[in-house]
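Here is how the chains run, residue by residue.
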Amino acid sequence: MSHTVLLGQIEHETNTFSSLPTGMTAFADASLHYGDAVVEDLAGTNTAIGGFLRVADEADWDVVPTVAADATPGGRVTADARETLLEAVLAGIETTDPDGVLLALHGAMVTEAAPDGDGYILERVRRAVGADVPVMASLDLHANVSDRMIRHADGLFGYDTYPHVDIGGTGETAARAMAATLAGDLDPEVVGERAPLLPPLPALRTAEEPMRSLLVAAADAEDEAVPDVSVFGGFAHADVDHAGVSVVGVADRSHAEDTRETCRALADEAYERRGTFDRDYTSVAAAAAEAADWDADDPLLLADISDNPGGGSAQDGTVLLAALLEAGVEDAAVATIYDPAAVDAAVAAGVGEEVSVSLGGRSGENGDPLDVTGRVRLLSDGTYRNRGPMSTGLQVSFGRTARIEVDWIDVLVCSHRQQPYDPEAFRSQGITPEEARILVLKSTVHYRAGFDPLVGAISEVATPGLCRPDLSAFEYEHVPRPIYPLDDGV
Ligand SMILES: [Zn+2]
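The rules behind the values
- Residues numbered from 1 in each chain as written.
- Predicted model: local features only at pLDDT ≥ 70, side-chain atom pairs only at ≥ 80, totals over all residues.
- Helix = DSSP H or I, 4+ residues; strand = E, 2+ residues; numbered from the N terminus.
- Rg over C-alpha atoms; globule rule 2.2 N^0.38 Å.
- Contact = placed C-beta atoms within 7 Å.
- Pairing = 2+ DSSP bridges.
- Axes fitted to C-alpha atoms, helices over the stretch in contact; angles between N-to-C directions.
- Domains from an automatic or database assignment.
- Nonpolar A, V, L, I, M, F, W, Y, C, P; charged D, E, K, R; others polar.
- Buried ≥ 20, exposed ≤ 12 C-beta atoms within 10 Å, placed from the backbone.
- pLDDT = per-residue confidence, 0-100.
- Parallel < 35°, antiparallel > 145°, perpendicular 65-115°, else oblique.
- Left-handed = near helix turned anticlockwise from the far one by under 90°.
- Core = buried A, V, L, I, M, F, W, Y, C linked by C-beta atoms within 7 Å.
- Arc of directions from axis to C-beta.

(A) Examining the overall build of the protein chain more closely. Summing up its helical and strand segments, the protein chain has 14 helices and 19 strands in all. Rg of the C-alpha trace for the protein chain: 22 Å, near the compact-globule value of 23 Å for 490 residues, within the 12% margin. If one aligns the C-alpha atoms of the protein chain with their principal axes, the spans along those axes are about 65 × 50 × 40 Å. Taking contacts inside the protein chain between residues at least 6 apart in sequence as the whole, the part at least 24 apart equals 77%.

In structure tokens form, the structure reads like this:
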């Protein structure tokens, strides 16, 4: 008998320190598909929906694609956007009465009306399908997992990598657990334990300790009766009472208590090793000096880690660019500065013409507007398809984009906030990244998946901005206290 499985994606990572509300336009600017377009646009991509669809083909499910929505991280999701997207899922449930529901969620969505946006979605879906229809979700490694999410899900499956190169694989794992459940081979239960830890983003790289060995131990605990154990690093820039590290397992009911003990032990181990989440970063001045002196064959990559739109920053920071211009650094390429007005000015001037703009800095998060004069080299729609290891095949867009050359620094100026983590961010704009001397990227960790093989060295630059790893710069009101590293002696 063929099963009917409903698919949906509602993803947002919410930076509660951002005042920029996330409405339907933000989803439409990034990734928003309804109905059959979900399958047409995401089948074959390294995304959770892509993973669901691979297993759906093998299992011969009748798939009900409802909505796939993912906005660039930013401030709280509006009540209107949340209800509009959720309604697409609930309408699909109402009309098709599915045997199972598979959702791609982020796990760190905060909405205007509810701090636990993902828990709210899971609870509404649970109420719609009743207790007997399995509801499972893939989650980002940066999920802040709440008790409410655990209570209303039959499976929660986290990415095991950061950069997230296993999003499609995580979707497959979730879908295989759904298939086992529908076949009567698994009676799933979700168990979870937390640690009082709020690691900054760069400390969660899975190629490094402590995440590397925590994830190995989690994988060792998995088997047929325990299809998944996930270590969630949490998202430190969401000031909510369920923020922080958690370890979550999906187990057959017969193994639930054992799995809970495994999760507890891993959460305790993460806490014992809390000092290994500490990192050193390069100052802006040191980065500019390093760039001025750089003479190796392969480029030096400067990561503007705090102005990463992929963590909710404004992407209009100018601090690092100003320092490079001041130091006379040449043959550099910068991706990307968000400034729709500067793009308009470049379009008005035209390709090959000189343009003077007051660039970026509107948010005030990462420097002031920077007065520059340069030549417009290229104008485009800013759209490209990822070819690197992360979200491979997914089409993303900077919106209308201008490449403006200022004192032999190619500055990409965009109209949509979008993290430049794939080398296509440069190639689509006519820049061969491996041939530049200096590359500047507004990305915290994800760029490493595609750029590691192309560059000679990487410096993580301690700029200001809403993703800065120094969490003492933020005023927290809701995270559970005490928590490391906010509180001494924890
Ligand atoms: Zn993430």
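(B) Just the sheet that holds strand E2 (residues 31-34), in detail. The mixed open sheet is built from 6 strands, whose spatial order is E2-E3-E1-E4-E5-E6. The sheet terminates laterally at E2 and strand E6 (155-158), the two strands that pair on one side only. Strand after strand, the sheet turns through a mean of 15 degrees between neighbouring axes, direction not considered. Sheet topology note: the strand E5 (residues 135-139)/E6 ladder contains 4 bridges and is parallel. Counterpart to Ser138 in the pairing with E6 is Phe157. Lying over the sheet, helix H3 (residues 48-59) contacts strand E1 (4-11), strand E3 (62-70), strand E4 (100-105) and E5, oriented at roughly 170 degrees with respect to E1.

(C) Examining unusual backbone geometry more closely. In the segment running from Tyr162 into Pro163, the intervening peptide bond is cis, with an omega of 5 degrees. Here Pro163 lies in the loop between E6 and helix H7 (167-182). Backbone torsion omega between Tyr484 and Pro485 reads 10 degrees, so that peptide bond is classified as cis. Following the sequence through the fold, Pro485 ends up in the segment after strand E19 (457-461). Although it is not a glycine, Asp97 adopts a positive phi angle of roughly 50 degrees. With respect to the element layout, Asp97 can be found in the loop between helix H4 (79-96) and E4.

(D) Inspection of the domain arrangement of the protein chain at higher detail. For the protein chain, the assigned domains read domain 1 (4-277) and domain 2 (284-468). In this structure, domain 1 and domain 2 have C-alpha centres spaced 31 Å apart. With 23 residues of domain 1 at the interface, the matching set in domain 2 holds 23 residues. Residues of the side of domain 1 that touches domain 2, tallied by class, amount to 9 nonpolar, 11 polar and 3 charged.

(E) Spatial organisation of the pairing of E1. Within E1, 7 of the 8 residues are buried, leaving the element largely enclosed by the surrounding structure. Examined bridge by bridge, E1 and E4 share 6 bridges and lie parallel to one another. Across the sheet, residue Gln9 finds its bridge partner in E4, namely Ala104.

(F) Layout of the confidence of the model for the protein chain. In the predicted model, the protein chain carries a mean pLDDT of 97, and the fraction of residues at 70 or more is 100%. E5 holds the highest mean pLDDT among the elements of the protein chain, 99, whereas strand E15 (residues 395-397) holds the lowest, 95.

(G) Fine view of the packing of H3 against H7. The contact between H3 and H7 brings their axes to 6 Å, and the two run at 40 degrees. As summarised for this structure, H3 and H7 are arranged oblique, according to the angle between their axes. Note on packing geometry: the crossing formed by H3 with H7 is right-handed. Here Ala48, Ile49, Gly50, Gly51, Phe52, Arg54, Val55, Ala56 and Ala59 of H3 come into contact with H7, specifically with Ile167, Gly168, Gly169, Thr170, Gly171, Glu172, Ala175, Arg176 and Ala179.

(H) Broad picture of the nonpolar core. Counting 154 residues, the largest nonpolar core has Leu102, Leu156, Leu302, Leu320, Ala332, Val334 and Val413 as its most contacted members. Counting the residues that make up this core, at least three belong to each of domain 1 (4-277) and domain 2 (284-468). Apart from residues no more than four positions distant in its own chain, Ala332 is found in contact with Ala291, Leu324, Ile409, Ala436, Arg437, Ile438 and Val440.

(I) How the structure looks around the environment of Thr111. Structurally, the position occupied by Thr111 is in the loop between E4 and helix H5 (117-129). For the pair Thr111 and Thr336, spaced 225 residues apart in the sequence, the C-alpha separation amounts to 27 Å. Contacts of Thr111, omitting those with residues within four sequence positions, involve Arg76, Val77, Ala79, Arg82, Gly117 and Tyr120.

(J) View of helix H10 (residues 284-293). Turning to H10, its buried residues are Val284, Ala287, Ala288 and Ala291. With its buried residues spanning 100 degrees around the axis, H10 presents them on a single face. Residues of H10 that are exposed and angled more than 90 degrees away from the buried face: Ala285 and Asp293. On the buried face of H10, the contacting elements are strand E10 (300-304), helix H11 (319-326), strand E11 (332-338), strand E18 (438-441) and E19.

(K) Inspection of the pairing of E3 at higher detail. Buried residues dominate E3, accounting for 8 of its 9 residues. Pairing geometry for E1 and E3, over 8 bridges, is parallel. Of the residues in E3, the one forming a bridge with Gln9 is Ala68. For E2 and E3, the ladder comprises 4 bridges, and the chain directions are antiparallel. Its bridge partner being in E3, Leu32 is matched across the sheet by Ala69.

(L) The environment of Arg124, seen in detail. Examined against the element boundaries, Arg124 turns out to sit in helix H5. Take Arg124: there are 17 C-beta atoms within 10 Å of it, and that puts it in the partly exposed class. In sequence terms Arg124 and His446 are 322 residues apart; their C-alpha atoms lie 32 Å from each other.

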